[in-house]
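An overview of the molecular structure
Here is what each chain is made of, one letter per residue.
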Amino acid sequence: MIHAIPPEDWPGADEAGRSRLFSPVDLGRGCTLATRTWVPAMVPWRATDDGDVTPAVLRWYGRFADGRPGALVVEATGIRDVPSGPLLRIGHDRYIDGLRALVDTVRERSHGETRVFLQILDFLAMRRRPEPGAYFGRFLRLDAGHRTRLAALTGDAGWEQATGDDVRAHLATLDDAGLDAVLTVREREDLRRGYRERVTDTYLPHVRDLPKVLPGLFAAAAVRAEAAGFDGVELHYAHAYTMASFLSALNDRDDGYGRTLDGRVRLPREVFAAVRGAVSDRFVVGCRILADEAIAGGSTVADASHFARVLSRDGMDFVSLSKGGKFEDAKQPKVGEAAYPYTGPSGHECMPTVRSDVRGPFARNLGLAREVRAALRADGLSTPVVGAGGIVGYRMAEEALAAGACDVVGAARQSLADPDWWLKVREGRGVEVRRCKLTNYCEALDQHHKEVTCQLWDRAVVPGEGDVPRAKDGRRRLEAPPWHPR
Ligand SMILES: Cc1cc2nc3c(=O)[nH]c(=O)nc-3n(C[C@H](O)[C@H](O)[C@H](O)COP(=O)(O)O)c2cc1C
Ligand code: SF4
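A short tour of the structure in this document, coming up. Nothing here was measured: the structure is a model prediction, and the numbers come from that model. Every chain is numbered on its own, with residues counted from 1 as its sequence reads. Ligands are numbered from 1 and chains lettered from A, in the order in which they are written. Under the rules for a predicted model, residues below a pLDDT of 70 receive no local features and side-chain atom pairs below 80 are neither given nor counted, while totals for whole chains, interfaces and linings still include all residues.

Now for the overall build of the protein. In terms of helices and strands, the protein carries 20 helices and ten strands. Atoms counted for the radius of gyration: C-alpha only. Globule rule: 2.2 Å times the number of residues to the power 0.38. Since a compact globule built from 486 residues should have a radius of gyration of about 23 Å, the 24 Å found for the protein is in line with a globular shape. Each of the three principal axes of the protein carries a C-alpha extent, and together these read 85 × 50 × 50 Å. Out of the 486 residues belonging to the protein, those deemed buried represent 48%. What counts as a contact is two residues whose backbone-derived C-beta atoms lie within 7 Å of each other. For the protein, contacts bridging at least 24 residues in sequence account for 71% of all contacts bridging at least 6. Numbering of helices and strands runs from the N terminus; a helix is a DSSP stretch of H or I covering at least four residues, while a strand is a stretch of E covering at least two. Exposure in this text rests on C-beta crowding, where 20 or more other C-beta atoms within 10 Å of a residue's own make it buried, 12 or fewer make it exposed, and counts in between make it partly exposed. The C-beta atoms are placed from the backbone.

Near, for a residue, is defined by distance from a backbone-placed C-beta atom to a molecule or strand, with 6 Å as the limit that must not be exceeded. The immediate surroundings of ligand 2 are formed by 13 residues, with Arg 413, Cys 436, Tyr 441, Cys 442 and Cys 454 found nearest. Taken together, the elements giving at least two residues each to the shell around ligand 2 come down to α18 (413-417) and α20 (441-447). Looking at the shell around ligand 2 element by element, the count peaks at three residues for α18. Residue polarity is assigned by list, with Asp, Glu, Lys and Arg as charged and Ala, Val, Leu, Ile, Met, Phe, Trp, Tyr, Cys and Pro as nonpolar; anything else, Gly included, falls into the polar class. Along the lines of polarity and charge, the residues of the shell around ligand 2 split into eight nonpolar, three polar and two charged.

The environment of ligand 1 is formed by 27 residues, the closest being Pro 40, Ala 41, Ala 76, Ala 412 and Arg 413. Among the elements of the structure, β4 (71-78), α18 and α20 are those that each provide at least two residues to the shell around ligand 1. Ranked by residue count, the leading element in the shell around ligand 1 is α20, at three residues. Considered class by class, the residues forming the shell around ligand 1 number 14 nonpolar, eight polar and five charged.

All right, on to the packing of helix α14 (residues 301-314) against helix α16 (residues 366-378) then. For helices, the fitted axis covers only the stretch in contact; all axes are lines through C-alpha atoms, and the angles between them, taken along N-to-C directions, range from 0 to 180 degrees. At a closest axis distance of 9 Å, the pairing of α14 and α16 adopts a crossing angle of 45 degrees. In terms of their interaxial angle, α14 and α16 are classed as oblique. In this structure, α14 meets α16 at a crossing whose hand is right-handed. Each of Val 301, Ala 304, Ser 305, Ala 308, Arg 309 and Ser 312 in α14 lies in contact with α16, whose residues at this interface are Leu 368, Glu 371, Val 372, Ala 375 and Leu 376. Taken together, the residues of the contact of α14 with α16 sort by class into seven nonpolar, two polar and two charged. Here roughly perpendicular refers to angles of 65 to 115 degrees, roughly parallel to angles under 35, roughly antiparallel to angles over 145, and oblique to all remaining angles. By convention, the crossing between two helices is left-handed when the near helix turns anticlockwise from the far helix through less than a right angle, and right-handed when the turn is clockwise.

Now the structure itself:
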């Protein structure tokens, strides 16, 4: 069913001034958020192919800072010094200057009010869905098992002795049922969705060694983030990436870094310990985890509560919660395209849209946040919890705080739709808020690695504005139209 965006009863400036939402919250380490408002990480596809900050990146974050959120989390930024397309990187000291310019921009444009964190992440290799010819010709590693199963399928024992070229050529002629009989589960997935490494592929030396290398890589990245002037880092332990895969209930590594709850959280704890030990006492270190993986056999809110407790006891400064966003249930990509973790049911849980079940998208994931937060408080832990997911209005945000679902309210797409919205509400000018439609036009752009913009403003023409930077397609403006606070 399709849900309508509920009408909003915007507060006047006085009411907003007395609200929980616009009251401060202390993250410790000398870092107080002036308000409980948070712009979660969003990749805008504006970095260079070498992962450098560009003028477009500065404009993007400057625009969010105009709305003066309590905190702004800069997009998922790679900790390794390896090519990864136009995503920000922090795997080398040469990135520090560009990132410092980003921090300076946020400070200046928010009048020093917004705290700025960098989300740092690691991800494993994946490839696009191959042409079947290329898969059978080059990628498939033939072994005796393929020959035996092909012989059984065809009733022709001759396949046991056939040349590799002949076997490959014949496999390429098989229908799906035939391929199901001859290929392993993993090979079928490589063929139909593209090859994707997992943390459980411990036969690969670099995957086996992740627990040895990741603490150092994350720590070095955090040190650079501090040198660039960030207030802290958010360790990306959520969605489809390496650290979330360690936390996952599907992690059956047998080297002490999987299987049990404590095994799964071991590397995230070791990464945190390395980061905490490398940065100063004034530098905030928090993490983002999944309150529920939202996939078959995946982690639940009970697992997330355990992880949040363990990580908070270790000294994590905040826990930000997300949900889903996994590869396991992502849609099959077209040939030549890569799988995208926000296309399946778990993707919908991560970025819920108005096309939803009866529960609808609004504040959809805050119930889970409330459970995790309650588990922390029951253990006497006061770690601030950041909730997000379908918050598109002031009342929803205020209710989430009043209900104890979170201590800080994250709104990603609503902030993209209108980066000034926090300030508009604070000033009693909520009627001027451009309200997110929760239809995920922006997410579709992200999926196709195009510069992310919002359907509500990317064609806007503002009289007298002059030249506005446009996307590579030449049509869409890259930043929200200006708004003039009093
Ligand atoms: C374009 C786009 C890019 C995103 N990139 C990231 C990211 O880099 N890291 C992350 O943790 N979440 C990312 N997200 C998820 C958001 O942070 C947020 O959790 C999600 O959109 C749900 O919140 P919302 O309903 O307020 O939008 C992204 C979301 C969008 C729309
Ligand atoms: S493109 Fe759609 S879903 Fe995305 S921020 Fe704009 S209105 Fe919201």
